[in-house]
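Working through the structure, step by step
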Amino acid sequence: MGHTSVTSPRRISPRGSPPHLRRTPPKYRKVLVLKEKRSAEPEDPVMDELLLSSKLKRVDSATGCVSPRVPAVDALPSAVSVPRPAQKAPKTPYVILPACDTFEKFRKISRVSVDIGGTLIKVVYSSVMDDELPEESLNGHTRKYAYEDGKRVLVNFKKFTDLDRLIAFLKEVWTDRKSGDVIHCTGGGSYKYSEIIMKELGVRLQRTDEMRSLIFGVNFLLSTNVDESFTYHHDAIGINKFQYRPIAADLIYPFLLVNIGTGISILKVDSPTSYERVGGSSMGGGTFMGLGSLLTPAQNFDELLEMANRGDHRNVDKLVCDIYGGAYDELGLKADLIAGSMAKCNRFGEAPMKQTHKPEDIAKSLLLMVSNNIGQMAYLYGTRYNLKRIYFGGYFIRQDPITMRTLSFAINYWSKGEIEALYLKHEGYLGAMGSFLDEDGKLDD
Amino acid sequence: MDTAQRNIDFHRLVRDAPLINHICFDACSKTVKIIYSSTVPLSHTTLDRKRVDTEKSEDRIYCIQVQYPDFPLILQFFGDTCPLLKGTTVDFVVTASQNAEIEEVIRKALDVKLRHVEAFTGLVNGTSFLLRNIEAESFTYSFDESQKYEFQTLNTESIYPYLLINIRTGVSVVLVDGPNKFQRLGGSSIGGASFLGLSELITGVNDIEEMMDRALKGSPEEFDIFIRDIYGDRAANFNMDPHLLAASFGRVTRAQTIRRAGEFDDQSKNNAILSLLRMVLYNVSQIAFMLSEMSNVKRVFFNGFLVRNRPIVMKTLSFACNYWSGGKLKACFLRHENYTTGLGAFLEGCPNADMYWKEYCSGSTALGRFVPVEPLETGFKTQTFALKCARFKAAPFCLLVDKDGKPDAIDFNTDDEARDFWIQILDNTIAQLTELAIASQSGCPDQEDVISRAKDFEHDFVKTMDTIKEHHVAYGNSNARNLLEVREQILQEKGFDDIYVQKKHEEKLSAVSELPTVLASIDKLKEAGDEKAVVEYVSRCLLAGNVFDWGAKEVVKLMSSEEGLSFQSAIERVENRPWLFDGFDSYYKKHKEYKSVLIFVDNSGYDYILGVIPFARELLRNGAKVIICANTLPALNDLTYREMIELAPELKKADADLAKFIDSEQLMFVQSGQESPCLDARRVHEDLNTVVQKYETDLVIIEGMGRALHTNFNVKFKCDTLKAAVIKTQWLADRLQGKMFSVVFKHELGTK
């Protein structure tokens, strides 16, 4: 049984979220979404805003030390309020690479890596920037970012839903590519689509191991970006719902990584080079989207998520109180726990009258069902391997309040507060990021 | 169909109805389970062929399951025929909040008060109760296409700890550590009702049986994404099975146009239901596996309305458990899982709940104990399950090496030829047995009743055999022991408690009169001083005695012939050494070392008196303690404990040595707790274990075909054993590559 996310006034709603985390109002979003269907590139405003922000409370993951929040939260020094340089800062998510020997080469040669998953294609590519960048894009770091010539190397993140659009985009941004250049590639589709990519872009393809890339990505982001991981606290107000969870580079390992893509992979990570896929599940983003598509008119993932935000699962799920009339104290089951997902949708062949369920309610129930289950699996594997930190990656969560609330709740509930769900700002780009950094891939012939 | 058309014979369905003294209702979503008990007075057949009441009675528990439309009919029947229930308090299992209506109906129809019983405790206690008592209650199902069942019999100690995965609306996982010790480890909201709900939303199908039929015809390829879809054919490089499910319903959004649920054709509906079923069951088994790892549990039982012996569900769960655990964990199921909650709730107030309860297979309806594939909810098919209280506590025989190991030499579940042969044999003897049953009570004034009961026996037995012919796993394990036991049970149920009572008596009289002669010839040998000759002679006596067996067709022919069969001619019939299995020398070498010997005896009459007693007498004379163990209840012409006790004074009269041994308790008698011509050492009377432990038994002698060949032939014991029998069927002789009257005299050293 999982927790219900009862629609309450405190639920993060499009209108109630802090300004810089604000979701695009539903109506506008719908338009966006429909446009995307035709030609527009996918936009991910919430994600982008969070990725570009650095103004949350920080609680050290290892010590629990709280570092003061950067002042002037209310002043919102967002990309807009920093006058000159911000205008040149990319509008899509990015991180600045620290100025060091390893990354120095990217000043001259661009690097592109793609992670082709079951549903989405994620791209990470480098670019060079002359100007100052807003402070928050340093992700809490005070390291040296600019090279002597004042240039900075940026890593940009972008996602696509189909290959043609990706190729078109790469042709446009990767202008300095030569026939000898390589594109780093990972994910299941790196096998299936390697020939098309090589042919279309006229480059060679270097395939990096999927798991290795994932771990490389997490490792790099956690150790480079102080503000990479964060927790979600549903009952807090406004910006306090989010807290950064920085971790010292030497304390990162071991941890559990739950990668939620189309399906789910659960990895036990002991070091950047020692990791193991300990489990997985077939109920992931693909299931939410698949069942959601069958049962609601939603056109894509974001629309389905947005629908779920408006739904009330209590109309389709059976709660403990629906069965027992209240809490089941003997077993310690609270009245509002979900006893059976979708359990109200079967009439047991009894009532002939056609019951209709609102698609929003179904979407909400599906989201809770899948995310509760992921949370429970994460808890089970975390406990079995005695790992207290569980990071979630993959392109499923998208900073969605219901998803994060459910995942956090499930883990907290099952572990009795022992384990925390940790989210990653660049959750969807772990594999692509790792592939970007991995020099040891195999060239495809 | 209306009631009249169905012509329900309620008295056949609700057994012992007028004697019902307590009842418990477990109202589930589709069916009501009724658990009730009655105390039935027992009768016994006398030597002058009459049937008289004894002071004894037997406690029985029956479980019936009916559908809601039929519930009022059954209730009315209870109200009309069960006077003992009026004004009492009956149990009602609280599983849902909307039961008020049903409660009211029950109160009115039966004129009773209701006591609410908590469902969860009932579930756990009922499951433990069944596992502890019922033979072959637990089973595993094959995850390939072979549809094989494998049954396990567990005992009080070996069942714990186990995980119970209850798939109802949601899923509950319970860790059961011991009797009344359990905790809910967790659960999931993705359970049976999620499957039903999503199936109905997507396909519009709302009947679970139709869903199961459709799932069988479905293919997961339409909606699910597999590893090979993501990685192509190179998936093998990652040590991941390309056919592994990667994402349930992941394929839906990959198509150019998304199909909505309303547009599905029949095949798509089947496919969607299969994908849903797999999604739910894989998830449940993954949680079960993880929790079993974390709590270090080796056995996981799945039950709940979604499971219910449905082949596709069991296969999927078995496959998933095997996959997640790398073959370590097996999904187990229960044969009577639908009664666990009700039974457990019922037992809360049952004074004999701790006793040993046996499955009363003959008390089950024509469906048998459980018939797979036949869905329960078709027509008015109730399923019943009957138990009887053995009035003692049973435990595995303490000298068994593997306390859960099967005693049977031949498993009819896998050996079709043996099964067919045995059913044939039993079918052939049925007419003769019916005649014998009638003859055994020919002194009863109401002969019509005797004949009608005998015909009932014949009818029920033939039907039972037919059921096994059709579904050989219908009674769990089928083997010689079970088939013979079912026959005895049906006879008992029809009021024929001991059809051989007169025959046994006659043979006893003649054997007792011959005893002094046999003992004298032994003593004569003894005086000659050839110890080995003496031991071989008493061994031949033991084997010769075993030739007298009313259970063996060939011997019955000899005994029924004009000249009859004398003990002396039987001794001559015993083949000369070397025997087919000849452990004589090995036994002779050690025979003086044994200080405490336990003998499981077989037939009464010659077998016991002229075979076992002289053999035991030699052991006693060597200074060993001898404990003779006989069946608790009659089976064929086997010796019963009561008969053995009654015989003791006559043995004392016949021989001074025997008198000395009996008086000094150097020779003792004990009951096995069994009521079958075979011996299932996994469930013996606790008294047996007490004496065996007290006197530190160092040799176990098992005598007779039923106990030493059909069962226990391959069973290992902690102390030395002697398994002695004469082969009296051609078929078995062929199998063991011997001939008729070949000797099995197996001496095995204990595995300490």
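About the thresholds
- Residues numbered from 1 in each chain as written.
- Chains lettered and ligands numbered in written order.
- Predicted model: local features only at pLDDT ≥ 70, side-chain atom pairs only at ≥ 80, totals over all residues.
- UniProt positions renumbered as here; feature names shortened; annotations may be inferred.
- Helix = DSSP H or I, 4+ residues; strand = E, 2+ residues; numbered from the N terminus.
- Axes fitted to C-alpha atoms, helices over the stretch in contact; angles between N-to-C directions.
- Parallel < 35°, antiparallel > 145°, perpendicular 65-115°, else oblique.
- Left-handed = near helix turned anticlockwise from the far one by under 90°.
- Contact = placed C-beta atoms within 7 Å.
- Nonpolar A, V, L, I, M, F, W, Y, C, P; charged D, E, K, R; others polar.
- Expected span 1.5 Å × (residues − 1).
- Buried ≥ 20, exposed ≤ 12 C-beta atoms within 10 Å, placed from the backbone.
- Pairing = 2+ DSSP bridges.
- pLDDT = per-residue confidence, 0-100.

The name that an unreviewed UniProt entry assigns to chain B is 4'-phosphopantetheine phosphatase, with the source organism given as Caenorhabditis nigoni. For chain B, the Subunit (unreviewed entry) comment in UniProt is given as "Homodimer. Interacts with PKM."

Under an unreviewed UniProt entry, the name given to chain A is pantothenate kinase, and the source organism is Caenorhabditis nigoni. UniProt lists a comment for chain A under the heading Sequence similarities (unreviewed entry), and it reads "Belongs to the type II pantothenate kinase family."

**Digging into unusual backbone geometry**
Residue and element names in this part refer to chain B. Omega for the bond connecting Y160 with P161 falls within 30 degrees of zero, at -10 degrees, which places this linkage in the cis form. Inspection of the secondary structure assignment puts P161 in the loop between β7 (149-152) and β8 (162-167). Residue R577 is joined to P578 through a cis peptide bond whose omega torsion reads -5 degrees. Summarising the element assignment, P578 is placed in the loop between α18 (567-573) and β18 (581-582).

**Observations regarding the packing of helix α15 (residues 501-528) of chain B against helix α16 (residues 531-547) of chain B**
All names here are of chain B. As a packed pair, α15 and α16 sit with axes 9 Å apart at the nearest point and diverge in direction by 160 degrees. Regarding the angle of α15 to α16, the classification is roughly antiparallel. The way α15 lies across α16 gives a crossing that is right-handed. Each of V518, I522, L525 and K526 in α15 lies in contact with α16, whose residues at this interface are A533, V534, Y537, V538 and C541. Tallied by class, residues from the contact of α15 with α16 come to eight nonpolar, no polar and one charged.

**Quick notes on the interface of chain A and chain B**
With 47 residues of chain A at the contact, the number on the chain B side is 51 residues. Counting residues per element, the ones that place at least two in the side of chain A that touches chain B are α5 (189-192), α8 (285-295), α10 (320-324), β15 (338-340) and α11 (359-384) of chain A. Top contributing element to the side of chain A that touches chain B by residue count: α8(A), with eight residues. When the residues that make up the side of chain A that touches chain B are grouped by side-chain class, the tally is 19 nonpolar, 22 polar and six charged.

**Focus: helix α12 (residues 401-415) of chain A**
All names here are of chain A. Compared with an ideal rise of 1.5 Å per residue, which puts 15 residues at 21 Å, α12 spans 21 Å between its outermost C-alpha atoms and is within 8% of the ideal. The buried fraction of α12 is high, at twelve of 15 residues. Residues of α12 that are buried: P401, I402, T403, M404, R405, T406, L407, S408, F409, A410, I411 and W414. Count one or two residues on from α12 and you reach K416, which has phi positive near 50 degrees.

**Quick look at helix α13 (residues 447-470) of chain B**
Over its 24 residues, α13(B) extends 35 Å from the first C-alpha to the last, a length consistent with the 34 Å expected when each residue adds 1.5 Å. Among the residues of α13(B), those classed as buried are B:V450, B:R453, B:A454, B:F457, B:F461, B:T464 and B:I468.

**Points about the UniProt feature "domain: Damage-control phosphatase ARMT1-like metal-binding" (unreviewed entry) in chain B**
The residues that UniProt annotates with the feature "domain: Damage-control phosphatase ARMT1-like metal-binding" (unreviewed entry) are residues 423-739 of chain B. Span residues 423-739 of chain B is 57% helix and 10% strand, its end C-alpha atoms 22 Å apart.

**Brief notes about the sheet that holds strand β19 (residues 596-600) of chain B**
Backbone hydrogen bonds are what pair the strands of a sheet, in a parallel or an antiparallel way. Residue and element names in this part refer to chain B. Judged by pairing direction, the sheet is mixed, and its seven strands sit side by side in the order β18-β25-β24-β23-β19-β20-β21 without closing on themselves. Strands at the two margins of the open sheet, each flanked by one partner only, are β18 and β21 (667-671). Relative to strand β25 (residues 743-748), strand β24 (residues 720-726) runs antiparallel, the two sharing six bridges. When the sheet's bridge partners are listed, K723 is paired in β25 with K746. The sheet strands contacting helix α20 (residues 606-621) are β19, β20 (625-630), β21 and β23 (699-703), and the helix crosses β20 at an angle near 155 degrees.

**Observations concerning the packing of α8(A) against α11(A)**
All names here are of chain A. Between α8 and α11, the shortest axis-to-axis distance is 10 Å and the interhelical angle comes to 165 degrees. Overall, the two elements α8 and α11 adopt an arrangement that is roughly antiparallel. For α8 against α11, the interelement crossing comes out right-handed. In this structure, α8 contributes T287, F288, L291, G292 and L295 to the contact, and α11 contributes P359, I362, A363, L366, L367 and V370.

**Comments concerning the confidence of the model for chain A**
All names here are of chain A. For chain A, mean pLDDT is 78; residues scoring 70 or higher make up 77% of the total. Of the regions scoring below 50 in pLDDT, residues 1-48 engages in 78 contacts with residues more than four places distant in sequence or in other chains. Scored below 50 in pLDDT, residues 69-87 makes 24 contacts in the model with residues more than four places away or belonging to other chains.

**Considering the environment of A:K364**
All names here are of chain A. Residue placement: K364 occurs in helix α11. Sequence-wise, K364 and R177 are 187 residues apart; in three dimensions their C-alpha atoms are separated by 45 Å. With sequence-adjacent residues up to four places away left out, K364 is seen in contact with A308, G311, D312 and H313.

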